Amino acid sequence: MSQNQYLPAGSYQLTSSNISVTINAQIEQNGSLVNCTPLTYTAQQTNTIGDIAISNGALSIIPGNGSAPNADNQLGIYVPAGSYQVSGQNITITLNAECETASGDLVQSAPLIYPAVNGAIVTDISNNNGSLDFNITPIATQGKCFISSFGNRFMVNGVALSADTAINNTTDLLADVNLNYMATAVIPQLVYLNVNTIRVYQVDSTLSHDRVMRLLATNGIYVMVELVTPEICVNRMNPAYSLSLYQRGTRVIDAFQKYHNTLAFSVGNEVIFPGEMYTQLNDNVAATVALENSCAAVMKSFIRDMKAYMTAQNYRAVPVGMAMQDGPQASLPNPGLIGTDVVAEFYASGDEASRADYIGINSYRYVNGGPMQSYDGLAQEVQLLPVPVFLTESGGLTFPTPGQPPLTRDWKIVSHVLQASNLYSQLSGQVAFQFFEKGAYFGLYNQLASAPLTQTTWGGAPNLAAQFAICEGISLPPLPATAITNPPSNFDPALLPNPAPNITVTVNNYATVGLDVVQLGTVLASLPAGTADTPSSTSVSVCQQLELYILNPSGWALCCDVAVTDLQDGIVIDNNVSWGGSCNVLP
């Protein structure tokens, strides 16, 4: 496929017809930006173009043969060349085409509209079963950096996005049922803020997200996706690695791994919170440290298994990590608890298959008027970590008058992180908390059911937009790789078995009551009542690495159990034993 410099590149050209391009741009006149008259032309016309210029406030074609190299092509092959790039600002490209579907039909695709500045992160414009798709470079990890497929370091300029009130009966703003709301209300503000990342705390994996994720991609926006929900997560006071947790994670991965702009998956938010755990356990040091160990073991096991699942499914290796509380050991009461800095070392230690791919830290150390050295201590604390670290929440508040709204946030620390070598060598950007106001004065915008959204007086949206604009102009080279760390000597809990079923057994119920087959608190199967002569029977998939229980659902009274050493594929388990003993296991 030959490439004409006046036609956006991409594999879509192989299966598309009647391609046309529209260019919009603004120019500065008398100190203000004004819209140019747009230009539209077809793919066939590109062979007659010598330049695309701005003349008398209009975009226009200068005749030529289309082949002479145009020096004004600074925005990459996915943006038409031309001298208009020199004087034009806020350039937008609209691509129209009839695209071939999987069945061979030609259909008119929805227009693909993207800012020209995002041409630098495009890997392809493709035909996705009759729809033009904007494929931006996926992000991976390399040492302490996030890195694009072009080899450039990626710094997170993000905002936390979650709805407090449901829109279209869901708080999952990435769902396609919210496409119009995202297109008209939210994404214009994300573009205004100059963000390249949003963090979402919960998604509904049963809904489609194709159109919203595509719209975010065309605007150069990546997404950090939480794998859990408030109902299915690692409970810090009662941590357990259940099958439902594993299955929840894999369902979200199935739904989001296909999008190139899925930046990362998170297995939890502030799960280990030493001070709160200590208080809940009545200031019991030993119990708190034991609980921290249990939580950390579940979290890292969950990370290991989500990475293994992506490998087994031949998915792209989307980075997996978590968001942690900014509670370094030095800031805790010092009765002997394990600080979150030590826990982070445990998460980031070990081999590639089991360690976290990144560490997120929710940190509010900087407030209005605070020193630019606010994050220096944090940067020192994460030096040992061999993986990217970024602030998954940021933006402290200053309350000069109790009971009154805080000062408008200035966000001055944001660009400083990318300008101070001691910070950008350790931190890979930050996520501003948060997009919508939820009653605690952290919101940049009031949540409204329709566009336009209104800024809060205290959020400081214009200040954040200005800071992220500065960040966009800062390019940082990747850092040299850091050696993999060993786990902390005082904190290295053993990882847990993957709870996913991997063998099949048959269970016979001779009891006159119904029974449940249970592992790790998850009911894998239920058997109706049987008799001593005619048992009920079922085949059930179980995990070979976990003890199996046959329980009476009423109070979960133990009928019998099967030790890990007795679990083998194809065995028959009989419960015709005294209640509370070991099950009979037959080959």
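In short, a report on the structure. In this text, all values refer to a predicted model and were calculated from it rather than measured experimentally. (Residues numbered from 1 in each chain as written. Predicted model: local features only at pLDDT ≥ 70, side-chain atom pairs only at ≥ 80, totals over all residues. Heavy atoms only, no water.)

A closer look at the overall build of the protein chain
- Each helix and strand in the protein chain was counted, giving eleven helices and 30 strands.
- Over its C-alpha atoms, taken along the principal directions, the protein chain stretches across nearly 95 × 65 × 45 Å.
- Look at the contacts in the protein chain between residues 6 or more apart in sequence, and 67% of them connect residues 24 or more apart.
- Carbon and sulfur atoms form 51% of the exposed surface of the protein chain, whose accessible area is close to 23,800 Å². (Helix = DSSP H or I, 4+ residues; strand = E, 2+ residues; numbered from the N terminus. Contact = heavy atoms within 4.5 Å. Areas by Shrake-Rupley, 256 points an atom, 1.4 Å probe, with all protein chains shown as cover.)

As for unusual backbone geometry
- Put simply, Phe433 and Gln434 share a cis peptide bond, and its omega is 0 degrees.
- Topologically, Gln434 is positioned in the loop between strand S21 (429–432) and helix H11 (461–472).
- Omega for the peptide link from Ala451 to Pro452 comes to -5 degrees, which places this bond in the cis form.
- On the secondary structure map, Pro452 appears in the loop between S21 and H11.

A few points about the sheet that holds strand S13 (residues 153–154)
- A sheet is described by the order of its strands in space; here three strands give the open sequence S11-S12-S13, paired in antiparallel fashion. Strand pairing shows two members of the sheet lacking a second neighbour, strand S11 (139–142) and S13, which therefore form its edges.
- Across four bridges, S11 lies against strand S12 (residues 145–148) in antiparallel orientation. Across the sheet, Ile139 pairs through a bridge with Ser148, a residue of S12. (Pairing = 2+ DSSP bridges.)

Some points on the packing of helix H6 (residues 285–312) against helix H7 (residues 340–348)
- Two elements in contact, H6 and H7, have axes separated by 10 Å at closest approach and are oriented at 30 degrees. When the axis of H6 is compared with that of H7, the two are roughly parallel. In the packing of H6 onto H7, the handedness of the crossing is right-handed. For the pair formed by H6 and H7, the contact residues are Glu292, Ala296, Ala297, Met299 and Lys300 on the first element and Val343, Phe346 and Tyr347 on the second.
- Classifying every residue of the contact of H6 with H7 gives six nonpolar, no polar and two charged. (Axes fitted to C-alpha atoms, helices over the stretch in contact; angles between N-to-C directions. Parallel < 35°, antiparallel > 145°, perpendicular 65-115°, else oblique. Left-handed = near helix turned anticlockwise from the far one by under 90°. Nonpolar A, V, L, I, M, F, W, Y, C, P; charged D, E, K, R; others polar.)

Here we look at the side chain of Gln26
- With respect to the helices and strands, the residue Gln26 is situated in strand S1 (residues 16–29).
- Only 2.9 Å separates the side chain of Gln26 from the side chain of Asn35, close enough to count as a polar contact.
- A distance of 2.7 Å separates the side chain of Gln26 from the side chain of Asn90, its partner in a polar contact.
- Setting aside residues up to four positions removed in sequence, Gln26 forms contacts with Leu33, Val34, Asn35, Cys36, Ser87, Gly88, Gln89 and Asn90. (Polar contact = N/O pair within 3.5 Å; in protein donor to acceptor, adjacent residues only side chain to side chain.)

Brief notes about the side chain of Gln85
- Examined against the element boundaries, Gln85 turns out to sit in helix H1 (residues 84–87).
- Of the polar contacts made by the side chain of Gln85, one reaches the backbone nitrogen of Leu75; its length is 3.5 Å.

Here we look at the environment of Asn362
- For Asn362, the position within the fold is in strand S19 (residues 358–362).
- Overall, Asn362 belongs to the buried group, its relative accessible area being 3%.
- In the structure, Asn362 is positioned 117 residues away from Leu479 in sequence and 23 Å away in space, judged by C-alpha atoms.
- Filtering out sequence-adjacent residues up to four positions away, Asn362 remains in contact with Arg199, Asn269, Glu270, Ala323, Met324, Gln325, Asp326, Thr392 and Glu393. (Buried < 20%, exposed > 50% of the residue type's maximum accessible area, 1.4 Å probe, protein only.)

Looking at the environment of Leu453
- By the element assignment, Leu453 lies in the loop between S21 and H11.
- Counting along the chain gives 267 residues from Leu453 to Val186, while the straight-line C-alpha distance between them is 7.6 Å.
- Excluding its chain neighbours within four sequence positions, the residues that come into contact with Leu453 are Tyr181, Ala185, Val186, Gln189, Phe435, Phe436, Tyr445, Asn446 and Leu448.

Describing the layout of surface pockets
- Size it by volume and the largest pocket reaches roughly 1,200 Å³.
- In this structure, the largest pocket is lined by 42 residues; those nearest its centre are Val117, Asn118, Ile121, Asn196 and Glu472.
- Breaking the lining of the largest pocket down by element, the ones donating at least two residues are strand S6 (89–100), S13, helix H2 (179–193) and H11.
- In terms of residue count, S6 provides more of the lining of the largest pocket than any other element does, four residues in total.
- Residues belonging to the lining of the largest pocket are distributed by class as follows: 23 nonpolar, 17 polar and two charged.
- The space that makes up the second largest pocket amounts to roughly 420 Å³.
- Along its surface, the second largest pocket is lined by 18 residues, and Ala110, Pro111, Ile113, Arg214 and Leu215 are the ones closest to its centre.
- Of all elements in the fold, only strand S8 (112–115), H2 and helix H3 (210–218) reach the threshold of two or more residues within the lining of the second largest pocket. (1 Å grid on protein atoms, 1.4 Å probe; cavity = no way out; pocket = protein on both sides within 12 Å on 5 of 7 lines; lining within 4 Å. Points joined across faces, edges and corners; volume = space filled by probe spheres on them.)

Quick look at the sheet that holds strand S22 (residues 503–509)
- Across the sheet, four strands lie side by side as S25-S22-S28-S30; this open sheet has mixed pairing. Single-partner strands in this sheet number two, and they are strand S25 (536–542) and strand S30 (584–586). Between one strand and the next, the sheet's axes are offset by a mean angle of 25 degrees, whatever the strand orientation.
- The sheet contact formed by S22 and strand S28 (residues 572–574) spans three bridges and is parallel. Following the sheet pairing, Thr506 is matched in S28 by Val572.

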